[in-house]
There are 2 protein chains.
Amino acid sequence: MKATLIMTPGPTYVSEDVRRALSKEITNPDLDLAFYEFYKETCNKLKQLLNTNNDVLILSGEGILGLEAACASLIEPGDKVLAIDNGIFGNGFGDFVKMYGGQVKLFQSDYEKAVDIEKLEDFLKDHHDFKMATVVHCETPSGITNPVDLICPMLKKYGIITVVDSVSAIGGEPLKTDEWQIDMVLGGSQKVLSAPPGLTFLSISDEAWSIIMNRKTPIAGYYCNLSVWRNWYEEKWFPYTQPISDIYALREAVEILLKDEKALERHRRIAEAVRKALTIGGLKLYPKAGFSNTVTTFMVPEGIDFKTIYEEMLKDHNILIAGAFGLLKDKVIRIGHMGENCYEEKIYITLKALDEVLKKNKIETKDELHKLFIQYV
Amino acid sequence: MKATLIMTPGPTYVSEDVRRALSKEITNPDLDLAFYEFYKETCNKLKQLLNTNNDVLILSGEGILGLEAACASLIEPGDKVLAIDNGIFGNGFGDFVKMYGGQVKLFQSDYEKAVDIEKLEDFLKDHHDFKMATVVHCETPSGITNPVDLICPMLKKYGIITVVDSVSAIGGEPLKTDEWQIDMVLGGSQKVLSAPPGLTFLSISDEAWSIIMNRKTPIAGYYCNLSVWRNWYEEKWFPYTQPISDIYALREAVEILLKDEKALERHRRIAEAVRKALTIGGLKLYPKAGFSNTVTTFMVPEGIDFKTIYEEMLKDHNILIAGAFGLLKDKVIRIGHMGENCYEEKIYITLKALDEVLKKNKIETKDELHKLFIQYV
């Protein structure tokens with residue numbers, strides 16, 4: 001496989017520094033006590049990123065493992081769970097809840113906008129008999145960021161614990177786990193952090209721990225069972241052999257991100273300029289409100305199909321962009337601008353290539369997208 | 001963490017070639033169709049290693065994920081399962097079966113020997129009403145290899161499907177999946193293959209697929225659910241983002257192992273010489289029969305404790321050896337000689353260091369272990 005410019009909403013480009021950390025010589029992470037310190041320090045760096053004092057764990061598996069581990073560990077059969085659903089991921093989160101026996105109530109909100117806080121407030125007045133709620137921070141397929149800062153404290157007022165899928169947002173959107181009273185935050189290595197795919201990490205509040213450790217029914221399964229992690233550090237025992245190379249890489253990636261004080265601002269600024277370039281150029285964004293800072297989703301222009309744009313971007317320009325799936329399949333195009341993808345020059349050449357593909361297919365824009373981008377960034 | 005000589009039964013040393021593959025630039029494994037071919041070719045190489053035409057999958061997670069995925073996918077509540085138990089891993093495999101609702105019958109066999117085939121044959125004459133059996137190829141804690149070549153065909157005669165944990169054996173012990181009629185074989189990246197920890201792989205026979213796809217009850221969970229992998233290639237869709245860097249490394253590791261025509265012979269020869277050196281030197285092996293070719297387990301000599309040997313090996317000689325856990329905790333010492341650890345010079349310096357540690361602690365041996373090793377290897 002040739003190295004392509006991957007402008008998708010994750011996996012993102014992995015920098016040479018991170019790949020160098022990945023390729024370091026390893027030790028035996030079960031037996032070398034120094035690795036327990038290294039793992040702990042890496043979790044502490046992640047705590048900084050998540051703005052939390054809660055425990056943080058890194059699990060060996062893809063982001064979806066984090067979602068499943070949260071559901072498997074917190075939910076007992078029959079538990080009432082509210083799934084906030086304004087997109088494909090929010091809806092799918094509800095399916096994970098059901099898989100572990102939760103009784104799901106979907107709070108359905110417009111798929112083209114961030115969750116409507118006032119409507120949620122009205123709903124909660126009459127319906128708040130929930131143990132837990134699932135919330136998606138960034139609806140990656142539609143490019144929408146939800147106001148987790150408002151949603152989670154509101155749920156907490158009713159005693160509802162919150163599990164937030166922030167896989168595609170962490171590092172690219174503000175996230176204040178403790179201030180916003182989030183019980184569990186879920187992240188992944190291959191998004192804004194720009195480490196290789198293969199790791200998920202999560203924070204666990206005292207209340208979430210208490211629920212996990214005081215269940216009436218056993219947790220179904222081992223790999224998704226967070227209770228087996230309760231005393232990993234005190235007992236110097238991991239539930240399974242840790243993926244040491246991937247954790248070396250994640251550590252380097254977190255340090256790079258923490259040092260980059262302007263990361264959030266850059267994500268905001270570049271995302272805004274991408275949106276301006278596209279809309280002033282005459283294209284139509286998918287969301288009407290609540291735009292993501294890590295991924296922009298826009299409609300496939302009339303007169304061309306997604307496949308043509310995708311293939312010509314890849315074949316003629318060596319740039320990989322994304323479509324979406326489910327109800328958005330073939331309807332939208334996605335450009336990821338997260339982590340290592342979130343630099344002006346990468347967006348510039350991506351939009352320039354898009355200009356050429358559109359031109360070649362006789363799709364007119366009001367102005368060249370890459371020049372508009374430069375004007376607004 | 002300083003780079004230590006890791007002489008444990010996995011994770012093993014990861015060679016520079018494998019680490020170089022690990023650190024290659026990535027693509028987006030969900031969207032780049034070339035990666036589906038790369039993944040498939042890697043599975044095909046694993047098929048060669050396993051001597052099978054069955055499907056092979058690589059999962060993103062540690063070896064234990066493979067065991068759990070097999071149990072989660074094959075077992076329905078109430079299914080009768082035979083767990084062949086002549087060690088800590090065999091016994092623990094039964095716990096995984098229970099976790100997914102299986103009714104477990106343990107076939108208990110002497111923990112100091114390979115499974116007694118005649119006794120198993122006698123047992124099966126009267127008790128063979130099982131859907132499935134779990135078998136451990138290498139009992140890593142005790143250093144015993146079970147005769148999977150005899151066990152699996154015998155079970156198959158009674159229509160019992162077999163799931164074999166070969167995590168610590170694959171590549172270091174003969175394994176003929178199809179000839180021995182094994183329905184599922186489970187492996188891990190960090191053992192004989194000497195790739196970094198983080199991947200498990202498994203083979204699935206047509207009969208196992210048929211059971212998975214024709215269940216009466218849904219599979220509990222997603223990450224351990226093998227049915228979602230049924231059409232990954234045809235549909236060009238992975239159940240989750242694949243850990244591309246780890247798979248690059250695994251591919252390189254499999255290729256190295258496949259090219260090494262003398263690998264099995266070297267494992268056999270080195271293991272035998274280690275055992276001769278230890279026993280002629282006056283130490284006592286833990287197993288009485290069925291010695292593993294990938295790990296040697298021997299008793300902590302009288303007059304010294306495990307911790308002293310472990311710590312002096314590490315501190316004074318920069319060599320990491322292993323103890324064991326459960327009922328073997330503090331009783332035995334383990335030296336791994338699998339994959340990249342299975343070279344004369346590495347065993348030589350390990351035994352030489354052990355000689356010095358024993359001497360320093362006034363534990364006498366009949367002859368120097370490292371010299372005995374050289375004599376017999």
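The structure presented is a predicted model; accordingly, all values stated were derived computationally and were not measured.

## Some remarks on the sheet that holds strand β8 (residues 161-165) of chain B
Residues and elements named next belong to chain B. One open sheet holds the seven strands; their spatial order is β2-β10-β9-β8-β5-β3-β4, and the pairing between them is mixed. The sheet is open, and its two borders are formed by β2 (55-60) and β4 (103-108), each paired with just one other strand. Averaged over all pairs of adjacent strands, the angle between their axes in this sheet comes to 20°, without regard to strand direction. Sheet analysis places strand β3 (residues 80-85) next to β4, joined by six bridges and oriented parallel. Bridge pairing links isoleucine 84 to phenylalanine 107 in β4. Across the face of the sheet, helix α3 (residues 63-74) comes into contact with β2, β5 (132-136), β8, β9 (184-188) and β10 (199-204) while running at roughly 155° to β9.

## Side note on the interface of chain B and chain A
Contact with chain B, which involves 52 residues of that partner, is made by 52 residues of chain A. Contact between chain B and chain A buries roughly 4200 Å² in total, counting both sides, with carbon and sulfur atoms accounting for 68%. Viewed at the interface, chain A and chain B are joined by two salt bridges. A salt bridge links arginine 19 of chain B to glutamate 25 of chain A; the shortest N-O distance between them is 3.9 Å. Inspection of the chain B/chain A interface yields 16 residue pairs in polar contact (both at pLDDT 80 or more). For the side of chain B that touches chain A, the secondary structure elements donating two or more residues are α1 (16-22), α2 (33-50), α3, α4 (88-99) and α8 (244-259) of chain B. Of all the elements, α8 of chain B adds the most residues to the side of chain B that touches chain A, at four residues. Partitioned by chemical class, the residues of the side of chain B that touches chain A number 30 nonpolar, 14 polar and eight charged.

## Side note on the pairing of strand β2 (residues 55-60) of chain A
Residues and elements named next belong to chain A. Most of β2 is tucked away: five of the six residues are buried. Where β2 lies against strand β10 (residues 199-204), six bridges are found, and the strand directions are antiparallel. Considered in β10, the bridge of leucine 57 is made with leucine 202.

## Some thoughts on the UniProt feature "binding site: substrate" (unreviewed entry) in chain A
Residues and elements named next belong to chain A. UniProt records the feature "binding site: substrate" (unreviewed entry) for Arg334 in the present numbering. Overall, arginine 334 belongs to the buried group, its relative accessible area being 7%. Aside from chain neighbours lying at most four places away, what touches arginine 334 is Met7, Pro9, Thr140, Pro141, Val295, Thr296, Thr297, Ile321, Ala322, Gly323, Ala324 and Phe325. At 3.0 Å, the side chain of arginine 334 and the backbone oxygen of threonine 140 are in polar contact.

What counts and how
Residues numbered from 1 in each chain as written. Chains lettered and ligands numbered in written order. Predicted model: local features only at pLDDT ≥ 70, side-chain atom pairs only at ≥ 80, totals over all residues. Heavy atoms only, no water. Pairing = 2+ DSSP bridges. Helix = DSSP H or I, 4+ residues; strand = E, 2+ residues; numbered from the N terminus. Axes fitted to C-alpha atoms, helices over the stretch in contact; angles between N-to-C directions. Contact = heavy atoms within 4.5 Å. Buried area = accessible area lost by both parts, 1.4 Å probe. Salt bridge = Lys/Arg side-chain N within 4 Å of Asp/Glu carboxyl O. Polar contact = N/O pair within 3.5 Å; in protein donor to acceptor, adjacent residues only side chain to side chain. Nonpolar A, V, L, I, M, F, W, Y, C, P; charged D, E, K, R; others polar. Buried < 20%, exposed > 50% of the residue type's maximum accessible area, 1.4 Å probe, protein only. UniProt positions renumbered as here; feature names shortened; annotations may be inferred.

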